Amino acid sequence: MPQPLPRAERANRLVLGGRVEAVEPARVTPGGVPIATFLLAHRSHQCEAGLPREAWLRIRVLAAGDLAPRAAALAVGAEVEVEGFLSRSSYRREPTHLALHAHTLRIVERNEPIHEE
Amino acid sequence: MSEPILELALATPLRRRFDYLPPAGVEHHRLQAGQRLLVPFGRSRRVALLLAVKDSSALPAERLRRAERLLDEAPLLTAAELDFLHWVADYYHHPLGEVLFHALPAPLRQARPARAPEPDYWRLRRPPDPSELKRAPRQAALAALLAEHPEGLPAARLDQAFPGWRPLMKQLVRRGLACASAPPPPPSPPPALELNPEQQAALTALEARLDGFHPCLLEGVTGSGKTEVYLRLAEAVLARGRQVLVLVPEIGLTPQLLQRFARLPTRVVALHSGMSDGERLRAWWAARRGEAGVIIGTRSAVFAPLARPGLVVVDEEHDPSFKQQEGLRYSGRDLALVRAQRWEVPLILGSATPSLESLHHAREGRYHHLRLSRRAGAARPPQIDCLDLRGQPLHGNLSPVLLEAMERHLRRGEQVLLYLNRRGYSPVLLCHECGWVAQCPRCDSRYTLHKGRARLHCHHCDKTVAVPRQCPACGSVDLRPVGFGTERTEEVLRQRFPEVPVLRIDRDSTRRKGSLEAVLERARAGGAAILLGTQMLAKGHHLPQITLAAVLDADQGLHGNDFRALERLAQLITQVSGRAGRGERAGRVLIQTHHPDHPLLTTLVHSGYPAFAEAALGERRAAGLPPFGHLALIRAESPSPEAPERFLRAALAQCPESPVIRLGPAPAVMERRAGRHRFQILLISPRRAPLHRLIAAWLPRLEALPEARRVRWSLDIDPQETF
């Protein structure tokens, strides 16, 4: 039996809010699991070393199973909050390339275009 | 007078004959070679074939057992047939008993008397009296069915229309209501076609050689009308009161040929493994008694005992399916040659892409070489081009140039043929997150994904499992198909050409009996359509509406493991090309490849098959491979990883002195298959005689090796594949 991982190594939970960009149509794996992915653009104000700053990133969100149809139906520009875990995005890329695998998907705002600044 | 001794052959792998005493109560003059007997064997009973009646046995009298029963009054196999089968056993170094029983239809391998087979056709003799069948409604129904067909009904149709009809028919016959009848003349056979001058010249040349053994290679480009030449020649043979044996590579091709031969004034029978035992037995007897003028069958039909042979034809002689790949590993084409020689009748080897062996023999003057270079009727040769796939944006597995050409042809209401020799959805199922690939646990190979059936299927050992929901290595659910099989290509085509019917032809889509005919019928009905298929589609089917043919992945053949891979690829490309433009429009052929500069591929595309064959023969000569060298392969396999190699090493240690080259033992290209590890020794000899001398001396030593009992091993003479 494999050794149970130390507690610190087991931790993998992330809540990330942002706007939906580029939704890909849902596909069903040959094993019958529906999968939808979309790109999530996150922008927030954070505090670091006592100084205010902006955080900005884009990450691919993967929603499998029952969550897939909801993810696939998202409109570009919708504001969502995703809770899930991180894993490497593809065997062909460096393990530093990550994807967010959703456990829950909360829609904050249905469909509002991103305001370009 | 002392009792005679019967020398018998039994269907066992033992290379020996068995002595028995005659059955009690059978007068000795009734015993003749070629009869079957029922004999006690160990604790069971077996069917044996009488080889000879002799005066004495090497066995002491008390150990001789008595045969139980004589099964045939007249010999089943004539002396000439027995002779031929002896030759086969010697040439393939195969146990005689297995060869003899292999040559017999399955029902005759059992202890049933070879009773006269039931007739094929039945008709009503008189309508039943109104009250006659009152209490037998099923008989009445059968009589009513027969009444609707005064010309008679064939057994095959009755099997379909009236399951369980045979006992009922017996009752009707007993009542004098029905009787067996001769088959009616076929309704409207396709008319004889006009011969062009080339066909006429070939026919004249062949008609001049109807007496005696004359092997002839008829090299005719696809659509040049080879079949019409066979038919005319068969007519001449039948007119002399003789029979014609026609071998084809695939069961699928027999109905088409049967229909064309139906115009001949004789009974035409089929003989292949798709028929029931009863049907085959009837066809065998029809050949044996000379009742059938034409026998059309797959490779096993070469064992049909013709009563009055007059001609042997091997159509598509280059086809690898003529070689049996298990048990008695014979080549139907090569045996056809021996048959014709022994029967002293002409042999025609027909093909658009003759095997390098046959071309070589023709060039050496051993075969008469006849060519049909023009397509029959108005058809013109197709234009062939290679499509360089390197750096091209692909739609699925289709390049933009191909898609554009398809659109053009389909818009004109023409048909497109796409050839892809890979069944299933995708050859690989991959985990996108960790790179795991679904592999067969019993073979060194990957599972093929079959999406419709939702199974992973190993095409090497036939094992199937459900498609996993998640990766067994990392747990990810993101499993993806990689690569394109026919099933996936069909999906791509349906999306891209939603308004055009896509007809897929492969082993999976034509599993049901008659489904292949249905699809071909649909294609012949005309109108724009895409035909997508594996090699099933490339073989001799007449599809006149196709104007564009494409080979989707020629690279598969370029990277083949076998020395014949390129020959096969060239034959396939040429055969696929031959499907394009058989009607009035000129055809176009596109070949997708990542290696557009491959020397043999460019020779084939620019100069045609004969030029390719010339170049390929040069390479074979340089390498000492067939037809310039003769091969035999000893294969050994076992669940144990060591046993096969150990056996073959022990075998080599026992090998007699010989100039024959011995390569190995080496692992097979796919070392593990169906849970067995496989090794082999390849024997190469520039001349045949030393090879056979070596094998004859070596085999008894091989069989005596203790290591031989731990493996399954086989000998393949003239192997088709060496991997």
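Rules of the game
- Residues numbered from 1 in each chain as written.
- Chains lettered and ligands numbered in written order.
- Predicted model: local features only at pLDDT ≥ 70, side-chain atom pairs only at ≥ 80, totals over all residues.
- Heavy atoms only, no water.
- Contact = heavy atoms within 4.5 Å.
- Buried area = accessible area lost by both parts, 1.4 Å probe.
- Salt bridge = Lys/Arg side-chain N within 4 Å of Asp/Glu carboxyl O.
- Polar contact = N/O pair within 3.5 Å; in protein donor to acceptor, adjacent residues only side chain to side chain.
- Helix = DSSP H or I, 4+ residues; strand = E, 2+ residues; numbered from the N terminus.
- Pairing = 2+ DSSP bridges.
- Axes fitted to C-alpha atoms, helices over the stretch in contact; angles between N-to-C directions.
- pLDDT = per-residue confidence, 0-100.
- Buried < 20%, exposed > 50% of the residue type's maximum accessible area, 1.4 Å probe, protein only.
- Arc of directions from axis to C-beta.
- Core = buried A, V, L, I, M, F, W, Y, C linked by side-chain atoms within 4.5 Å.
- Domains from an automatic or database assignment.
- Right-handed = clockwise from strand over helix to strand, strands pointing away.
- Phe/Tyr/Trp six-rings, centres within 6.5 Å; stacked < 30°, edge-to-face > 60°.
- Lys NZ or Arg CZ within 6 Å of the ring centre and 35° of its normal.

1. Some details on the interface of chain B and chain A
At step 1: Residue-level contacts link 16 residues of chain B with 15 residues of chain A.
At step 2: Buried area between chain B and chain A, both sides added, is near 1200 Å², and the carbon and sulfur share of it is 58%.
At step 3: Where chain B packs against chain A, one counts one salt bridge.
At step 4: Taken together, the connections running from chain B to chain A amount to four residue pairs in polar contact (both at pLDDT 80 or more).
At step 5: Taken together, the elements giving at least two residues each to the side of chain B that touches chain A come down to β19 (428–431) and β23 (479–482) of chain B.

2. Description of the sheet that holds strand β21 (residues 455–457) of chain B
Residue and element names in this part refer to chain B.
At step 1: Strands sit in the order β20-β21-β22 across an open sheet of three strands; the sheet is antiparallel. A strand with exactly one partner marks an edge of an open sheet, and here the two such strands are β20 (448–450) and β22 (464–466). Within this sheet the neighbouring strands show an average axis-to-axis angle of 30 degrees, counted without direction.

3. Comments concerning the environment of Leu569 of chain B
At step 1: Inspection of the secondary structure assignment puts Leu569 of chain B in helix α17 (residues 565–578).
At step 2: C-alpha separation for the pair Leu569 of chain B and Gln556 of chain B, spaced 13 residues apart in sequence, amounts to 8.7 Å.

4. Quick look at the sheet that holds strand β9 (residues 178–181) of chain B
Residue and element names in this part refer to chain B.
At step 1: With antiparallel pairing, the three strands of this open sheet are ordered in space as β8-β7-β9. Both edges of this open sheet fall to β8 (153–154) and β9, since each of them pairs with a single strand only.
At step 2: Bridge analysis of strand β7 (residues 121–124) against β9 gives four bridges, and the strand direction is antiparallel. Bridge assignment links Trp122 to a residue of β9, and that residue is Ala180.
At step 3: Together, β7, β8 and β9 form the strand contacts of helix α3 (residues 137–147), whose direction differs from that of β7 by roughly 95 degrees.

5. Digging into the confidence of the model for chain B
At step 1: This prediction gives chain B a mean pLDDT of 90; 96% of its residues lie at or above 70.
At step 2: Across the predicted assembly, pTM comes out at 0.83 and ipTM at 0.83.

6. Observations regarding helix α20 (residues 643–653) of chain B
Residues and elements named next belong to chain B.
At step 1: Burial in α20 covers these residues: Ala643, Pro644, Phe647, Leu648, Ala650 and Ala651. An end-on view of α20 places all buried positions within 160 degrees of arc, on one side of the element.
At step 2: Buried residues belonging to α20 abut β28 (630–638), β29 (661–673), β30 (676–685), α21 (688–704) and β31 (712–717).

7. Some words on the nonpolar core
Residues and elements named next belong to chain B.
At step 1: Among the nonpolar cores identified, the biggest contains 120 residues, and Leu100, Phe303, Leu683 and Trp698 are the most heavily contacted of them.
At step 2: If sequence neighbours within four positions are ignored, Leu683 has contacts with His630, Leu631, Ala632, Ile634, Val660, Ile661, Arg662, Leu691, Leu694, Ile695 and Trp698.
At step 3: Counting residues in each nonpolar core, the second largest holds 30 residues, with Leu206, Leu218, Leu257 and Leu370 among its members.

8. A few points about the domain arrangement of chain B
At step 1: Each assigned domain of chain B is listed with its residue range as follows: domain 1 (5–109), domain 2 (121–181), domain 3 (197–227 + 241–257 + 268–273 + 286–372), domain 4 (383–424 + 485–622) and domain 5 (630–717).
At step 2: Computed from C-alpha atoms alone, the centre-to-centre distance between domain 2 of chain B and domain 4 of chain B is 49 Å.

9. Notes on the pattern of salt bridges
Residues and elements named next belong to chain B.
At step 1: Enumeration according to the criterion identifies 53 salt bridges over all chains in this entry.
At step 2: A salt bridge links Asp716 to Lys323, with the shortest nitrogen-to-oxygen separation between them at 2.7 Å. Residue Asp716 is found in strand β31, and its partner Lys323 is found in the loop between β14 (309–315) and α10 (332–343); the two are separated by 393 residues along the sequence. Grouping residues by exposure puts Asp716 and Lys323 together as buried.
At step 3: Close ionic contact of Asp508 with Arg511 constitutes a salt bridge, the shortest N to O distance being 2.6 Å.
At step 4: Taking the relative accessible area as the measure of exposure, Arg511 reaches 55% and is therefore exposed.
At step 5: The network of salt bridges with common partners includes Glu7, Arg17, Asp19 and Lys54.

10. With respect to the side chain of Ser351 of chain B
Residue and element names in this part refer to chain B.
At step 1: Mapped onto the elements, Ser351 comes out in strand β15 (residues 347–351).
At step 2: At 2.8 Å, the side chain of Ser351 and the backbone nitrogen of Thr353 are in polar contact.
At step 3: Those residues in contact with Ser351 that lie beyond four places of it in its chain are Leu218, Glu219, Gly220, Lys226, Glu316, Glu317, His318 and Gln575.

11. Some remarks on helix α11 (residues 356–363) of chain B
Residues and elements named next belong to chain B.
At step 1: For α11, the tally of buried residues reaches six of eight residues, placing the bulk of the element in the interior.
At step 2: Buried residues of α11: Leu356, Glu357, Ser358, Leu359, His360 and Ala362, and no others.
At step 3: Gly365, located one to two residues past α11, shows a positive phi value of around 85 degrees.

12. Observations regarding the pairing of β7 of chain B
It is a general feature of regular strands that their side chains alternate between the two faces of the sheet.
At step 1: Where β7 of chain B lies against β8 of chain B, two bridges are found, and the strand directions are antiparallel. Bridge assignment links Tyr121 of chain B to a residue of β8 of chain B, and that residue is Pro154 of chain B.

13. Notes on the pairing of strand β13 (residues 292–297) of chain B
Residue and element names in this part refer to chain B.
At step 1: Of all six residues in β13, six are buried, a share of seventy percent or more.
At step 2: Of the pairings in the sheet, the one linking strand β11 (residues 243–247) to β13 comprises four bridges and is parallel in character. Pairing of Leu247 across the sheet is with Gly297, part of β13.
At step 3: Across five bridges, strand β12 (residues 267–271) lies against β13 in parallel orientation. Bridged to Ala270 within β13 is Ile296.
At step 4: Between β12 and its parallel partner β13, the chain crosses via helix α9 (residues 277–288), and the hand of that crossover is right-handed.

14. A few points about the packing of aromatic side chains
What describes a pair of aromatic rings is the distance from one ring centre to the other and the angle between the planes of the rings.
All names here are of chain B.
At step 1: All chains considered together, the criterion is met by nine aromatic pairs over all chains.
At step 2: Centroid distance Phe303 to Tyr330: 5.1 Å. Interplanar angle 75 degrees. Geometry classified as edge-to-face. With Phe303 in the loop between β13 and β14 and Tyr330 in the loop between β14 and α10, the pair connects residues that are 27 residues apart, well separated along the chain.
At step 3: For Phe303, a relative accessible area of 4% translates into the label buried.
At step 4: Exposure remark for Tyr330: the relative accessible area of 0% places this residue in the buried category.
At step 5: One residue, Arg339, lies across the ring of Phe84, its end atom 4.1 Å from the ring centre.
At step 6: For the cation-ring pair, Arg496 lies above Phe497, with the distance from its terminal atom to the ring centre recorded as 5.1 Å.

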